[in-house]
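Listed below are the residues making up each chain.
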Amino acid sequence: MKNKFIYIVIIACSLSIYSCDDDLEIPPKNIISAEQVFTNELAVQAYLANLYIQAPIEGFNFSANNGFNNWSSGVTTAHASGEALSEGPRGNVGDGNWWQWWSAGYKAVREVNGFISNIAETELSEEQKQAYTAEAKFIRAYCYFGLVKRYGGVPIITEVQMFNGDNLDELQLSRNTELEVYSFIGEQLDEAIDMLPETNESGRANSFVAQALKSRVMLYAATLAKYAEVDLDGVVGIPSSEANRFFKASYDAAKNVIESGNYQLWDVTADKIENYTSLFIETEGNPEVIFKREYKFPDLTHSYDLWNLPFGVRGPAGYSSRMNPTLEMVEKYEYIDGSEGTLKMTDPSGVPIHYDNPMDLFVDKDPRCLATVIVPFSPWQETTIDVQKGIIDDLAISSNLTVYGRNAVTTGGYNNLYNPTTHTIDENGTLPVITINGVGGSERSVTGFYIRKYMDYNKDKSQAFPWNSTQSWIDIRYGEVLLNYAEAAFELGEIPDAKWAVNLIRERAGIAELSDAEVTLDRVRHEREVELAFENHYYWDIRRWRTGHNLIETKRYNAIHPFYDLQADDYVFARQEMWFDMTFYFQLYYEKIPVGAIEANPKLIQNPLY
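Because the structure is predicted, anything quoted here is derived from the model rather than measured.

Chemist: Describe the sheet that holds strand β8 (residues 401-403), with residues and values.
Modeler: If you trace the five strands from one edge of the open sheet to the other, you get β8-β9-β7-β15-β16, paired in mixed fashion. Each having just a single partner strand, β8 and β16 (570-577) make up the two edges of the open sheet. Across this sheet, the average inter-strand angle for adjacent strands is 40 degrees, counted without regard to direction. Pairing of strand β7 (residues 390-392) with strand β15 (residues 558-565) involves three bridges; the strand directions are parallel. The residue bridging isoleucine 391 from the neighbouring strand is tyrosine 564, located in β15.

The structure is reproduced here in structure tokens:
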């Protein structure tokens, strides 16, 4: 049955295999016995589905301090990386506690270990045991990846720990080195690859899913070896001598996925904006999707549409506008001829350019930009998302700001109207000062932009309720594998391979391909930034590249402010610096080991600078 596994996942949502006690040292109580769980294959699959649910997939319900299962209105990695600003703590990029996953991570590891131990004792066929063990090892590898990319070296545990009253010391393990953990993950994935089938039900690992994840994990290890410092005797950091080995492992894994021919870029329509937009919604039978988390109402849902619809088309429950792309992010998207993406708001001498149609500001931008971001005055379903900051009027009686040296008026409420006869805001006004989606006021974009990627264009706003969205989250897609391949290839000196992979992405996007001379590390990384924007990659990328502290140092991001020019009867746009600084501190390359974990296990040592 095509969707059999999603129904098993639903069953597993309420399944609790172990109680959730503290981390490594406290033994699980209420372990469900093998006799209860492993008596038939449906029970085994429900147990396995529970393990998949606990895998650290950073999807719709992932946010700072809320973990993986309750996004609420939390801050996303887009905020921490400068891709977007959130309604939350705007002047902060984290304090070492935002992306915690210690207790939940080791709970997941413990349950995987229990599954692997128990499955071997069942009466299932050897073929079935091998298949389920392979999936469990894939999940265990993923769990350790979720831990190591946060904390560096962590204790490697492969068996369920049991406290017998006097063995606490042997249960209190020291941290393995970061190199040992990444090597262990690679070994686990290799074992899974050898045992997994080439195809599997949607939402479950197959050999190519494991290869794709390996291409990601080994790329992380390689860049850390090349660009990060070793500290705490290797507990954090990887010796530089290991870089090429890990780059080669990433390159080979990605190449295996590519050469399988099982996947290809989504390219179903000549309209490049429509094509890229639909990639993230039309996931059923999509050849670009390698591994996804599926949702089904009412048991497995999320609230992505509720939180991110523009204010003027918000749902009946309210909320909206939580993820506001920055002007910097929008300008990372080049023009289709390959020229840099700075928006043409002024001419070279600084004189504002006037636009009769405000959407003309975005003509010839990389189609991925308009498929990823709702820009001012772009359409959403049957509505124009009119984003206006104010009115420029040389005759304004009560001007409260200047724009390009001219009088202008703005306000905090979209209900305030401007009277072009009296040149004031009054009850007889006929022009909105700011529009309903405009910049200013509560629950509207602070940057002038709204998110489009992953927004369900098939869902009417009347359906934007909490926990009522069901579009799938693509955890691994072919586009990422190509970019993993390109980055690893470039670092290994395989420039033609890097060029081929990047240009395949750019060709699908509809923008100029790179020449030999243009294939640089910066351009390869840049392609990753725009192709994978808002997919929870970029924050972790700037951590593994060790560029975060340089990119985000007393950084003030910018918004776009569209103004209606009353005299010219057209629009101009102004760049507006935000009012707060953001700084990525060096200690944020690793999360803080929870104090409670160290108190329970004194053998654990804290990460640097905490």
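Chemist: Quick rundown of helix α3 (residues 41-54)? Include the residues and the values.
Modeler: Spanning 14 residues, α3 covers 20 Å between terminal C-alpha atoms, matching the ideal 20 Å at 1.5 Å per step. The element α3 is extensively covered by neighbouring structure, given that 10 of its 14 residues are classed as buried. Of the positions making up α3, those classed as buried are Val44, Gln45, Ala46, Tyr47, Leu48, Ala49, Asn50, Leu51, Tyr52 and Gln54.

Chemist: Describe the side chain of arginine 546, listing the residues and the values that go with them.
Modeler: Structurally, arginine 546 can be placed in the loop between α18 (538-544) and α19 (548-551). Despite its burial, arginine 546 pairs with no opposite charge; the closest candidate is glutamate 178, at 5.7 Å N-O. The residues touching arginine 546, leaving out its near neighbours within four places in the chain, are Leu224, Tyr227, Ala228, Tyr589 and Tyr590.

Chemist: Can you explain the packing of helix α6 (residues 126-151) against helix α9 (residues 207-227)? Please cite residues and give values.
Modeler: It is at 11 Å that the axes of α6 and α9 come closest, and there the two elements cross at 20 degrees. As summarised for this structure, α6 and α9 are arranged roughly parallel, according to the angle between their axes. Classified by chirality, the crossing of α9 by α6 is left-handed. Between α6, through Phe138, Tyr142, Phe145 and Lys149, and α9, the contact on the second element is made entirely by Val209, Ala210, Leu213, Arg216, Val217 and Tyr220. Among the residues making up the contact of α6 with α9, the classes are represented as eight nonpolar, no polar and two charged.

Chemist: How would you summarise unusual backbone geometry if you had to cite specific residues and measurements?
Modeler: Proline 298 follows phenylalanine 297 through a cis peptide bond whose omega is 5 degrees. Of note, tyrosine 454 is a non-glycine position whose phi angle comes to about 75 degrees, a positive value. Among the structural elements, tyrosine 454 can be located in the loop between β13 (450-451) and β14 (473-477). Non-glycine residue aspartate 569 carries a positive phi angle of around 55 degrees. For aspartate 569, a relative accessible area of 52% corresponds to the exposed category.

Chemist: If you had to explain the environment of arginine 444 to someone new, which residues and values would you point to?
Modeler: For arginine 444, the location among the structural elements is in the loop between β12 (431-432) and β13. Put simply, arginine 444 and threonine 520 are 76 residues apart on the chain and 38 Å apart in space, counted from C-alpha to C-alpha. In this view, arginine 444 contacts Phe311, Ser321, Asn324, Gly412, Gly413, Tyr414, Ile434, Thr435, Ile436, Asn437, Gly438 and Tyr450; residues no more than four positions away in its chain are not counted. Only 3.3 Å separates the side chain of arginine 444 from the backbone oxygen of glycine 438, close enough to count as a polar contact.

Conventions we followed
Residues numbered from 1 in each chain as written. Predicted model: local features only at pLDDT ≥ 70, side-chain atom pairs only at ≥ 80, totals over all residues. Heavy atoms only, no water. Pairing = 2+ DSSP bridges. Helix = DSSP H or I, 4+ residues; strand = E, 2+ residues; numbered from the N terminus. Axes fitted to C-alpha atoms, helices over the stretch in contact; angles between N-to-C directions. Expected span 1.5 Å × (residues − 1). Buried < 20%, exposed > 50% of the residue type's maximum accessible area, 1.4 Å probe, protein only. Lys, Arg positive; Asp, Glu negative; His and termini not counted. Salt bridge = Lys/Arg side-chain N within 4 Å of Asp/Glu carboxyl O. Contact = heavy atoms within 4.5 Å. Parallel < 35°, antiparallel > 145°, perpendicular 65-115°, else oblique. Left-handed = near helix turned anticlockwise from the far one by under 90°. Nonpolar A, V, L, I, M, F, W, Y, C, P; charged D, E, K, R; others polar. Polar contact = N/O pair within 3.5 Å; in protein donor to acceptor, adjacent residues only side chain to side chain.

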